[in-house]
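Overview (structure and organization)
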There are 2 protein chains.
Amino acid sequence: MLRFSLLSPSSSRARAGLLTTPHGQVPTPAFMPVGTQAAVKAVTPEDLRAAGATIVLSNTYHLYLRPGVKLIEQFGGLHRFMGWDGPILTDSGGFQVFSLGHMRKLTEEGATFRSHIDGSEHRLTPELAVAYQEALGSDIAMVLDHCPAYGESPEAIAEATERTHRWAERSLKAQRRGDQALFAIVQGGWSSDLRRESARRLAGMGFPGYAIGGVSVGEPKALAYRAVEDAEPHLPKEKPRYLMGVGSPEDLVQCIARGIDLFDCALPTRVARNGSLFTRQGRVSIRNAKHRDMDAPFDASCDCYACKTFSAAYLHHLFKSDEILYHRLGTIHNLRFILRLMEESRAAILGGTFDAFARAFLDGYKSTDEETRLEQKGKWAAAREARGLQEE
Amino acid sequence: MLRFSLLSPSSSRARAGLLTTPHGQVPTPAFMPVGTQAAVKAVTPEDLRAAGATIVLSNTYHLYLRPGVKLIEQFGGLHRFMGWDGPILTDSGGFQVFSLGHMRKLTEEGATFRSHIDGSEHRLTPELAVAYQEALGSDIAMVLDHCPAYGESPEAIAEATERTHRWAERSLKAQRRGDQALFAIVQGGWSSDLRRESARRLAGMGFPGYAIGGVSVGEPKALAYRAVEDAEPHLPKEKPRYLMGVGSPEDLVQCIARGIDLFDCALPTRVARNGSLFTRQGRVSIRNAKHRDMDAPFDASCDCYACKTFSAAYLHHLFKSDEILYHRLGTIHNLRFILRLMEESRAAILGGTFDAFARAFLDGYKSTDEETRLEQKGKWAAAREARGLQEE
């Protein structure tokens, strides 16, 4: 079963902890690389370990459709199927079903949706989401929640939030396995009252961990930060808190500062494949002409395999030449950047210097500006939709 | 400089040798994985070593156009640029310029061609091909040859063969570096007389190694085997022989039996990416439904990383789900299969049992039938042309 110990001084909101799962320990704050289809795109489990990953995320929606939950169960679960023997958290599929337009019908019982692969119709209920995740054998499962799209009315958001609470109760009752922790998901949209209410209601149900959901759906960053600030004080201190779908470097630091322990996001791996690599100064495109003849690592301060082994010029050449190898190297770099940021944040928290660390990091890191960010996100969402969700 | 020692008993045509280059030794017969653009698609130098590669091939035509020979020279050569510290053979670019339709004008002086990247016009002469390869710093360079397309007239082939001989002489004179071995290329098309003549003429020039070129251009297998049989007896026994562009498992065994020491081919890596994996029984598609729930390695007798680490079902899932990771794993499997076949062939030659080994292998291995093979090759060539040569 799941254990969580807080190791940090209580004076700060930022927390350092240790999450113990049936498949090993996760020092927190932690970032979970996203392996939607039982693989983190372009890398092996060994690459993940080498980059410092301690836990990965996979997705019930995708695995249910392909290769099927039953098949993975026959293999003794997701760990063995994908060759990752460390902790795994599975998302319930709520986000995919509700926010991405494949939902066909929603009732109190659950949702009916169409497969993005072959258009076939499927049903997902809180009970089925628990059963599927128990079959997958993840260490941490997520309840099925109702995640409203960005821009829905306050009434619709209130209704989705209430439904999420009722579904959370049903999910708890549906649990059969004793070795899988089930996390609740706080909704509440952009209303502080509703966020607080949602956190309190779910906290009262005694889950072993809590996620903040309904963010990273296209809103301005300030709204996501406020949602965290609204919910956080009402979540039990001794339980892990997970902010879903958030993972740009600045957001990680900002939300560690706001008391979050766990994160996941496809952004680091997705932008890597598009040529955008993290540095302490911000995202830099490997396409830039300055890398063409750069006879030095892309980032001399980085300890990832790509930076230790190859020059920036070689990465630039691979990218320009459409060589698949670039995808792996770029992915390894961005993952290592994020995972190291988490390691350094944790050390700073434990050393009592996190505020200074965060200030220095945020001062030095030039974020992608809000307009560009939302535009990119829009483009990506459209492309994703067009490709039937195949792209993370 | 290059040294070559033959280790095998002289009773058989099949030879086992040891090629010593400035960057290390190559036990022969050897297969060279193809890294056209200074990268073997989807794998790192470490992956290549782990699969048993001892030498890789790269392509002057591609590197000249991108990132440019000058740039690689500034990096101290191709070895350092691509992070492979073992032996490298570079092809001269003749095959690309002549057989793939980008050639604009041919004179005795050389060829003018258009870049497949931006349409710009470039010139290649025997002297420039040597100079470029000396700048790249490969261990073995190839002369610029005139490689006729399949189906050209006997007259055109005779002319190309004669020109290849004159260019070979010019290439020898153009050499400046003492630490790079220059190999000649036998042409002669499908005329036994011309093949013999070409081998004899070039042998008389005293090259440190000889390639048989002009095969693998769309001809039936029997013609390629005959070209080898025609040329081989006229090449000096004590020099390495390299058959260009040949690398299906059955062709490797057939041509080792005919006295070839070195091979290169993009086929093993290309078909891997398309889902076609080698087994001792023949090529098998990872797409096959039988792999869907196969809780065992794809090939239990294979010692590659993919087979030792993952189930066939997982590889099948990755392929069906368009996961990039499949490309790396499939590539590693096919390379290991080929490289192991070379290791086993060599051991059999040294043990005096190669004939039996080859017979057993060829009896067990179901080749792709000739019609399908030529059809696939045509499709691939068309796709390649459409994509401007970017695909190997």
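Predicted, not measured: the structure shown is a model, and the values here were computed from it. (Residues numbered from 1 in each chain as written. Chains lettered and ligands numbered in written order. Predicted model: local features only at pLDDT ≥ 70, side-chain atom pairs only at ≥ 80, totals over all residues.)

A few words on the relation of the copies chain A and chain B. Both copies of the chain are related by a screw-like operation: a rotation about an axis and a shift along it. Each copy of the sequence occupies a distinct position, and chain A is placed on chain B by a rotation of 180° and an axial shift of 0.0 Å, giving an RMSD of 0.0 Å. Accordingly, the operation relating the two chain copies is best matched by a two-fold axis. Within chain A, the C-alpha atom positioned nearest to the axis of rotation is that of Ile 324 of chain A, 4.0 Å from it. Mapped onto chain B, 100% of the interface residues of chain A are again interface residues, and the two copies thus contact each other with one and the same surface. (Least-squares fit on C-alpha atoms with pLDDT ≥ 70 in both. Contact = placed C-beta atoms within 7 Å.)

Another point: the packing of helix H7 (residues 154–174) of chain B against helix H8 (residues 192–203) of chain B. Residue and element names in this part refer to chain B. Interaxial distance between H7 and H8 falls to 10 Å at its minimum, and their mutual angle equals 5°. Classified by the angle their axes make, H7 and H8 are roughly parallel. Contacts between H7 and H8 involve Ile 157, Ala 158, Thr 161, His 165 and Ala 168 from the first element and Leu 194, Ser 198, Arg 201 and Leu 202 from the second. Class assignment for the residues of the contact of H7 with H8 results in five nonpolar, three polar and one charged. (Axes fitted to C-alpha atoms, helices over the stretch in contact; angles between N-to-C directions. Helix = DSSP H or I, 4+ residues; strand = E, 2+ residues; numbered from the N terminus. Parallel < 35°, antiparallel > 145°, perpendicular 65-115°, else oblique. Nonpolar A, V, L, I, M, F, W, Y, C, P; charged D, E, K, R; others polar.)

All names here are of chain B. Pairing in this open sheet of eight strands is parallel, and the strands run S4-S14-S13-S12-S11-S10-S6-S5 from one edge to the other. With partners counted over all chains shown, the strands left at the sheet margins are strand S4 (30–32) and strand S5 (56–59), one partner each. Ignoring strand direction, the axes of neighbouring strands in this sheet form an average angle of 25°. Where S5 meets strand S6 (residues 88–91), four bridges bridge the pair, whose relative direction is parallel. Paired with Val 56 across the strands is Ile 88, a residue of S6. (Pairing = 2+ DSSP bridges.)

Residue and element names in this part refer to chain A. Spatially, eight strands are ordered S4-S14-S13-S12-S11-S10-S6-S5 in an open sheet, and the strand pairing comes out parallel. Lying at the two open borders of the sheet, with one neighbouring strand each, are strand S4 (30–32) and strand S5 (56–59). Strand-to-strand twist of the sheet, defined as the mean angle between neighbouring strand axes without regard to direction, takes the value 25°. Where strand S6 (residues 88–91) meets strand S10 (residues 140–142), two bridges bridge the pair, whose relative direction is parallel. Across the sheet, the residue bridging to Thr 90 is Ala 141, located in S10.

Right, let's get into the packing of H8 of chain B against helix H9 (residues 221–231) of chain B. Residues and elements named next belong to chain B. Direction vectors running N to C along H8 and H9 enclose 45°, while the axes themselves pass 8 Å from each other. By the angle between their axes, H8 is oblique relative to H9. Two packed elements cross with a definite hand, and for H8 against H9 that hand is right-handed. Of the residues in H9, those in contact with Ser 192, Arg 195, Arg 196, Ser 198 and Ala 199 of H8 are Arg 226, Ala 227, Asp 230 and Ala 231. Residue composition of the contact of H8 with H9, by class: three nonpolar, two polar and four charged. (Left-handed = near helix turned anticlockwise from the far one by under 90°.)

Facing the 32 residues of chain A at the interface are 32 residues of chain B. Per element, the largest residue contribution to the side of chain A that touches chain B is five residues, and it comes from helix H13 (residues 312–320) of chain A. In the side of chain A that touches chain B, the residues fall into 15 nonpolar, nine polar and eight charged.

Right, let's get into the environment of Ile 338 of chain B. Residue and element names in this part refer to chain B. Of note, Ile 338 is situated in helix H14 (residues 324–350). A tally of 25 C-beta atoms within 10 Å means that Ile 338 is categorised as buried. In the structure, Ile 338 is positioned 77 residues away from Asp 261 in sequence and 14 Å away in space, judged by C-alpha atoms. Other than its neighbours up to four places away in sequence, Ile 338 contacts Phe 31, Gly 247, Pro 249, Leu 252 and Pro 268. (Buried ≥ 20, exposed ≤ 12 C-beta atoms within 10 Å, placed from the backbone.)

Summarising the element assignment, Lys 308 of chain A is placed in helix H12 (residues 305–309). Put simply, Lys 308 of chain A and Ala 296 of chain A are 12 residues apart on the chain and 9.6 Å apart in space, counted from C-alpha to C-alpha.

Size of an interface, as often reported, equals the accessible area lost when the parts are brought together. Residues and elements named next belong to chain A. By the assigned domains, chain A splits into domain 1 (3–264) and domain 2 (272–370). Relative placement of domain 1 and domain 2: their C-alpha centres are 27 Å apart. At the interface, 29 residues of domain 1 touch 29 residues of domain 2. The set of elements that each furnish at least two residues to the side of domain 1 that touches domain 2 consists of S4, helix H1 (45–51) and helix H10 (249–256). Considering each element in turn, the side of domain 1 that touches domain 2 owes the most residues, five residues, to H10. (Domains from an automatic or database assignment.)

Time to look at the nonpolar core. Considering soluble globular proteins, one finds that nonpolar side chains tend to be buried as a cluster. Membership of the largest hydrophobic core comes to 235 residues, with the highest contact counts inside it found for Phe 183 and Leu 315 of chain A together with Phe 183 and Leu 315 of chain B. Two domains each provide a minimum of three residues to this core, namely domain 1 (3–264) and domain 2 (272–370) of chain A. Not counting chain neighbours up to four residues away, the residues in contact with Leu 315 of chain A comprise Ile 286, Phe 298, Ala 306, Phe 310, Tyr 326 and Leu 329 of chain A. (Core = buried A, V, L, I, M, F, W, Y, C linked by C-beta atoms within 7 Å.)

Before going further, it helps to examine H9 of chain B. Residues and elements named next belong to chain B. Among all positions in H9, only Ala 224, Ala 227, Val 228, Asp 230 and Ala 231 are buried. Each buried residue of H9 sits inside an arc of 165° when the element is viewed along its axis, so together they form one side. Tucked inside the fold, the buried residues of H9 contact strand S11 (181–186), H8, strand S12 (209–212), strand S13 (241–243) and helix H10 (249–256). (Arc of directions from axis to C-beta.)

Take the environment of Gly 93 of chain B next. Residue and element names in this part refer to chain B. Within the secondary structure layout, Gly 93 lies in the loop between S6 and helix H5 (94–99). Residue Gly 93 is classed as buried on the basis of its 26 C-beta neighbours within 10 Å. Considered as a pair, Gly 93 and Ala 129 are 36 residues apart in the sequence and their alpha carbons are 7.6 Å apart.

The buried count for H10 of chain B comes to seven of eight residues, which makes it a mostly enclosed element. Those residues of H10 of chain B lying buried are Pro 249, Asp 251, Leu 252, Val 253, Gln 254, Cys 255 and Ile 256 of chain B.

All right, on to unusual backbone geometry then. Glycine aside, the phi torsion of most residues is negative, and most peptide linkages are trans. Looking along the chain, the bond that leaves Arg 66 of chain A and enters Pro 67 of chain A is cis, with omega of 10°. Relative to the helices and strands, Pro 67 of chain A is located in the loop between helix H2 (60–65) and helix H3 (69–74). A cis geometry characterises the amide bond from Thr 28 of chain B onward to Pro 29 of chain B, with omega recorded as 5°. Tracing the backbone through its elements, the reader meets Pro 29 of chain B in the loop between strand S3 (24–28) and S4. The backbone of Ala 38 of chain A sits at a positive phi, close to 65°, despite the residue not being glycine. Position of Ala 38 of chain A relative to the elements: it lies in the loop between S4 and H1. Among the residues examined, Ala 38 of chain A registers 26 C-beta atoms within 10 Å and is labelled buried. The backbone of Ala 42 of chain B sits at a positive phi, close to 80°, despite the residue not being glycine. In this fold, Ala 42 of chain B is placed in the loop between S4 and helix H1 (45–51).

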